[in-house]
Amino acid sequence: MTGQQDSGSWDSNADRWQAILNELEVPPRSAQKDAQPPVSVQAQIRWARDGAETIDTVVNAWTSRAVLVEIVDARRRIHGAWLAAADVRRRDPTA
């Protein structure tokens, strides 16, 4: 490559990546239940630099205390995070 950054590379947004402060460790697979179909929710995300943000997203899996929410954001390298169930609320399907 000739000094130009490839905007399509997996790490092209590395300078924008942030930790999610309320992210939990991935629970054991044996404790996870798949959400079929995914459930529409609002999730409270606490970014390391940008602070708190509420996003509309979906839950793809859950345990008794945590949910796996989809996060597609340039600040995030991975497209999901496990959050405490208290940080997630179901969206009204009629809204």
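Worth saying up front: this structure is predicted, and the values here are computed from it rather than measured.

## Some words on the pattern of salt bridges
When the charged atoms of two side chains with opposite charge come close together, those side chains can pair. Taken as a whole and judged by the stated rule, the model has 7 salt bridges. Here Glu23 and Arg76 are joined by a salt bridge, their closest N and O atoms 2.8 Å apart. Pair noted here: Glu23 is in the segment before strand S1 (33–47) and Arg76 is in the loop between strand S3 (66–70) and strand S4 (80–84), with a separation of 53 residues, a long-range link. The class for Glu23 is partly exposed, based on a relative accessible area of 32%. Residue Asp73 pairs with Arg75 through a salt bridge whose shortest N-O separation is 2.8 Å. Since its relative accessible area comes to 22%, Asp73 is described here as partly exposed. Salt bridges linked by common partners bring Asp50, Glu53, Asp73 and Arg75 together as one network.

## What to know about the environment of Gln18
Note that Gln18 resides in the segment before S1. For Gln18, a relative accessible area of 9% puts it in the buried group. Taking C-alpha positions, Gln18 is 9.9 Å from Arg46, a pair spaced 28 residues apart along the chain. Excluding residues that lie within four positions of it along the chain, Gln18 makes contacts with Trp47, Ala48, Arg49, Asp50 and Arg75. There is a polar contact of 2.8 Å between the side chain of Gln18 and the backbone nitrogen of Arg49. For Gln18, the side chain forms a polar contact with the side chain of Asp50, separated by 2.7 Å.

Criteria and thresholds
Every chain's residues receive numbers from 1 upward, in the order its sequence appears when written. Local features are withheld for residues below a pLDDT of 70 in this predicted model, meaning they are given only at 70 or higher, and side-chain atom pairs are given and counted only at 80 or more; totals for whole chains, interfaces and linings count all residues. Only heavy atoms go into the side-chain values, all of them from the structure, while hydrogens and water stay out. The salt bridge criterion pairs a side-chain nitrogen of Lys or Arg with a carboxyl oxygen of Asp or Glu, the two atoms within 4 Å. Each helix is a run of H or I in the DSSP string that is no shorter than four residues. Each strand is a run of E no shorter than two, and both are numbered from the N terminus. Think of it in three bands: residues with accessible area under 20% of the maximum for their type are buried, residues over 50% are exposed, and the middle band is partly exposed, with areas taken using a 1.4 Å probe on protein chains only. Only heavy atoms matter for contacts: two residues are in contact if any of them lie within 4.5 Å across the pair. Any pair of nitrogen or oxygen atoms within 3.5 Å is treated as a polar contact; in protein, a donor-acceptor pairing is required on top of that, and neighbouring residues in sequence qualify only through side-chain atoms on both sides.

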